[in-house]
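Here is how the chains run, residue by residue.
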Amino acid sequence: MIEDSAERGSFSRRDFLKAGGVGIAGAAILGAAGCGGSQQGSSSKSNGKQGLVSRGDIHIEFISHGPASDPFWSVVINGINQAEKDLGVSVKYRAPDTYSVPQIQQNFDSAIASNPSGIAATVADVSAFGPKVKKAVSKGIPVVMLNAGLDAWQKLGALNYVGQTEYQAGVEAGKKMAQSGVKSALVINHQQGVVTLDQRFEGFKKGIGGNARQIAVNGNDPTAVRNGVKTALKQNPGVDGLLTLGPQGALPTLQALKGNNRIKFATFDLAPEILRAVRDGRMLFAIDQQQFLQGYLPVAFLTTYVQYLLHPIGVVPTGPAFVTKDNAQKVISLSKEGIR
Amino acid sequence: MAQTATADERVRQVGILRRWLTRPELAAVAGAILVFAFFAIVAGDSGFLTLGGTASYLEVAAQLGVVTVPVSLLMIAGEFDLSVGSMVGAAGMLIALGVTQFGWPLWLSIAAAIVFAALVGLFNGYVVIKTRLHSFIVTLGMLFALRGLTIGFTRLITSRTQIGGLDSATHGSPLRPIFAGTVGGFPVSIIWWLVLAAIGTWVLQRTVFGNWTFGAGGDPDAARNVGVPVDRVKMTLFVCTAVSAALLAAIQVLAAGSADVLRGENLELQAIAASVIGGVLLTGGYGSVVGALFGALIFGMVQQGIFFTGVNTDWFLVFVGVMLLVAVLFNNYIRKRASEAR
């Protein structure tokens with residue numbers, strides 16, 4: 001059982017944990033909240049017990065650095081929409097069209113000013129957005145962090161963190177590939193310069209035991225990717241494993257590997273064709289960070305917190321989950337719907 | 001620049017070598033030989049010179065070249081089209097949506113993409129001519145708007161930004177080999193490229209329209225005064241660039257089996273770069289399609305050649321940039337030598 005103080009702004013969550021995790025005051029307040037909640041009972045819209053407030057009154061601000069055009073974030077948004085529907089709360093998603101620090105800072109300010117029940121936030125730049133999270137916390141607004149800011153969530157006083165570390169996901173992918181007998185791997189980077197892709201590569205290199213080389217291709221030109229991969233494989237005849245860092249690299253690579261059964265191939269992130277290839281055994285596995293949950297869970301956690309002062313402690317990892325031959329078929333239709 | 005070989009006392013007799021030296025495409029041809037020699041020496045023993053290696057860079061060059069042919073003609077006519085890259089993304093998505101989401105037959109999807117492209121080209125040309133705005137600005141606006149529309153509509157219809165499954169959906173279609181087949185082990189796109197370049201060269205060198213194109217880019221007012229329909233020439237070429245982008249989209253989508261909303265990014269700059277390497281002046285009025293053909297060839301060789309060298313790909317763009325700069329400098333040097341020698 002986990003409680004937190006109602007005066008959550010007055011001292012940081014970390015101090016609270018140090019003090020023993022279960023505050024007597026918190027327990028008392030929770031008990032009182034349970035009683036108070038049962039006495040209100042006005043809204044019929046909310047599911048379950050009423051708690052401190054009715055769900056219809058809960059308004060959550062979702063502040064993200066991910067544009068809706070990105071295939072990754074479009075799935076996160078689908079998760080948010082589902083949570084909104086399931087829980088009967090309202091959520092506002094705020095993100096810039098392209099990554100822009102000043103605009104995201106403004107989004108934080110206007111979100112805080114709207115006096116929300118809670119804030120879900122990606123903290124892609126701790127020095128730029130950290131103070132905004134602190135400001136929200138000090139105003140008594142509960143914050144759940146997701147996707148980015150893993151190292152800072154406790155320091156900033158957030159309730160918890162939902163996400164995957166790209167590095168760790170890479171490590172797991174490397175281990176899994178090594179287990180399947182791969183000795184030397186080639187990694188195809190379809191978008192050079194993106195930090196998360198480099199983290200995936202660094203993790204993978206560690207996981208597989210060092211024997212991995214990165215090759216950059218132009219992900220916007222599938223023909224160049226396909227021919228580049230073909231050539232790179234000829235250049236590196238010792239390579240027996242291939243990893244792409246996203247669907248833009250994976251789909252042309254599948255073509256490049258046509259008729260080549262020697263190379264074990266895996267990728268980060270899902271697409272329907274990738275899943276079919278996994279199902280048919282043309283690919284070893286696909287790494288899913290289940291970002292639908294990165295949209296759904298923060299909304300759910302904030303709802304139970306605002307309503308009952310309940311929330312999971314610590315980091316809730318959403319990945320890496322592996323899609324393999326065994327479960328690929330089930331996931332295909334979900335991927336088409338933008339859930340996986 | 002057009003040299004005629006007829007014996008006329010008003011035309012100075014020029015030696016064959018000199019005449020050849022002053023052609024705009026000469027430097028691009030020499031540059032291509034230079035780049036080829038470089039990779040043949042550095043990576044010759046690692047497959048660059050094999051049939052497979054040749055097909056690999058020719059295919060990349062061909063796909064760029066399909067768009068570069070009309071882009072170079074438009075540049076000779078004094079205008080830019082920066083929207084071709086976004087057009088590839090939009091037309092590709094239209095084909096993919098048509099086949100996989102709306103259940104259209106492949107021919108209808110491709111026809112729809114080509115009609116759409118032609119309309120966008122007409123719009124580009126119309127705005128440029130009516131408003132007298134620089135085509136750089138007009139087509140830059142189109143670059144953003146088309147990309148945005150592609151992202152917006154694709155998300156609206158599919159809630160994804162990437163569509164695949166075209167391989168199975170178009171399996172057995174007689175149109176497939178036309179766009180994505182192979183001829184003697186080489187991708188059919190190479191034939192599209194060579195045929196388009198041949199048509200472009202013929203139009204530019206041998207037809208009235210070609211003369212009009214030079215006139216429109218060289219001195220539009222003077223051209224108008226002698227009766228050249230400058231607006232019509234430009235309008236036609238804007239339609240050609242957009243339609244060539246749709247053609248490339250059909251080739252690419254069918255060859256790759258998938259479309260995504262970001263396809264073709266930066267292609268407009270590559271097409272302009274290939275044209276400039278090929279001897280087309282940024283200011284218009286001078287250039288050749290054969291030069292643009294070799295410009296695209298240089299691009300393809302550099303882009304794929306680096307994989308044969310085994311160089312760390314972190315340095316890939318440096319390599320591309322330096323190679324292009326060297327090619328253009330060499331281009332200028334030869335042209336200067338040639339014109340001094342006159």
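Structural data are supplied above this passage.
This structure is a prediction, so every number in the text was calculated from the model and none was measured.

Participant: Is there a simple way to think about the overall build of chain B in this case?
Facilitator: For chain B, the helix and strand inventory stands at 15 helices and four strands. Taken over the C-alpha trace, chain B has a radius of gyration of 21 Å; the compact-globule value for 342 residues is 20 Å, and the two agree within 12%. Along the longest, intermediate and shortest principal axes, the C-alpha atoms of chain B span 65 × 55 × 35 Å. Taking all contacts inside chain B whose residues are at least 6 apart in sequence as the whole, residues at least 24 apart take part in 78%. In chain B, which carries 20 positive and 16 negative side-chain charges, the distance between the mean positions of the two groups comes to 5 Å.

Participant: Explain the sheet that holds strand S7 (residues 212-216) of chain A to me, please; I cannot follow it from the model alone.
Facilitator: Paired through backbone hydrogen bonds, the strands of a sheet run either parallel or antiparallel to each other. Residues and elements named next belong to chain A. The six strands are arranged S7-S6-S8-S9-S10-S12 in an open sheet whose pairing can be described as mixed. In this open sheet, the two strands that pair with only one neighbour each are S7 and strand S12 (321-323). If you compare each strand with its neighbour and ignore which way they point, the axes differ by 20° on average. Here strand S6 (residues 185-189) pairs with S7 via five bridges, running parallel. Residue pairing in the sheet places Ala185 in a bridge with Ala212 of S7. Contacting S6, S7, strand S8 (241-244) and strand S9 (264-268), helix H7 (residues 195-208) crosses the sheet at an angle of about 155° to S7. The sheet contacts of helix H9 (residues 247-256) involve S8 and S9, and relative to S9 the element is tilted by about 155°.

Participant: Would you mind showing me how to read the interface of chain B and chain A here?
Facilitator: A common measure of how large an interface is: the accessible area buried when the components associate. Taken together, the contacts link 35 residues of chain B with 38 residues of chain A. Of the roughly 2800 Å² buried at the junction of chain B and chain A (both faces included), carbon and sulfur atoms supply 42%. Considering only the surface of chain B that becomes buried against chain A, Arg155(B), Arg160(B) and Phe307(B) emerge as the three largest contributors, covering 22% of it. The partner of Glu59(B) in a salt bridge is Arg226(A), and the shortest N-O contact between them spans 2.9 Å. Our enumeration of links across chain B and chain A arrives at ten residue pairs in polar contact (both at pLDDT 80 or more). Of all the secondary structure elements, the ones that give two or more residues to the side of chain B that touches chain A are helix H3 (51-76), helix H6 (135-158), helix H12 (230-256) and helix H14 (289-309) of chain B. Broken down by class, the residue content of the side of chain B that touches chain A amounts to eight nonpolar, 19 polar and eight charged.

Participant: Any chance you could explain the environment of Trp315(B) here in plain terms?
Facilitator: Tracing the sequence through the fold places Trp315(B) in the loop between H14 and helix H15 (316-340). The exposure class assigned to Trp315(B) is exposed, which follows from its relative accessible area of 54%.

Participant: Please explain the environment of Leu248(B) as it appears in this structure.
Facilitator: Residues and elements named next belong to chain B. Along the chain, the position of Leu248 falls in helix H12. Measuring from C-alpha to C-alpha, the distance between Leu248 and Val84 comes to 9.9 Å, with 164 residues separating the pair along the chain. Residue contacts for Leu248: discarding those within four places in its chain leaves Gln63, Val66, Val67, Val88 and Leu267.

Participant: Looking at this structure, I do not really get the packing of helix H4 (residues 101-113) of chain A against helix H5 (residues 126-138) of chain A. What am I missing?
Facilitator: Packed helix pairs are characterised by how far apart their axes lie and by the angle those axes make with each other. All names here are of chain A. Taken N-terminus to C-terminus, the directions of H4 and H5 make an angle of 0°; their axes are 10 Å apart at the nearest point. Between H4 and H5, the crossing angle belongs to the class labelled roughly parallel. In this structure, H4 contributes Val101, Ile104, Gln105, Phe108, Asp109 and Ile112 to the contact, and H5 contributes Ala128, Phe129, Lys132, Val133, Lys135 and Ala136. When its residues are assigned to classes, the contact of H4 with H5 shows eight nonpolar, one polar and three charged.

Criteria and cut-off values
Residues numbered from 1 in each chain as written. Chains lettered and ligands numbered in written order. Predicted model: local features only at pLDDT ≥ 70, side-chain atom pairs only at ≥ 80, totals over all residues. Heavy atoms only, no water. Helix = DSSP H or I, 4+ residues; strand = E, 2+ residues; numbered from the N terminus. Rg over C-alpha atoms; globule rule 2.2 N^0.38 Å. Contact = heavy atoms within 4.5 Å. Lys, Arg positive; Asp, Glu negative; His and termini not counted. Charge placed at Lys NZ, Arg CZ, Asp CG, Glu CD. Pairing = 2+ DSSP bridges. Axes fitted to C-alpha atoms, helices over the stretch in contact; angles between N-to-C directions. Buried area = accessible area lost by both parts, 1.4 Å probe. Salt bridge = Lys/Arg side-chain N within 4 Å of Asp/Glu carboxyl O. Polar contact = N/O pair within 3.5 Å; in protein donor to acceptor, adjacent residues only side chain to side chain. Nonpolar A, V, L, I, M, F, W, Y, C, P; charged D, E, K, R; others polar. Buried < 20%, exposed > 50% of the residue type's maximum accessible area, 1.4 Å probe, protein only. Parallel < 35°, antiparallel > 145°, perpendicular 65-115°, else oblique.

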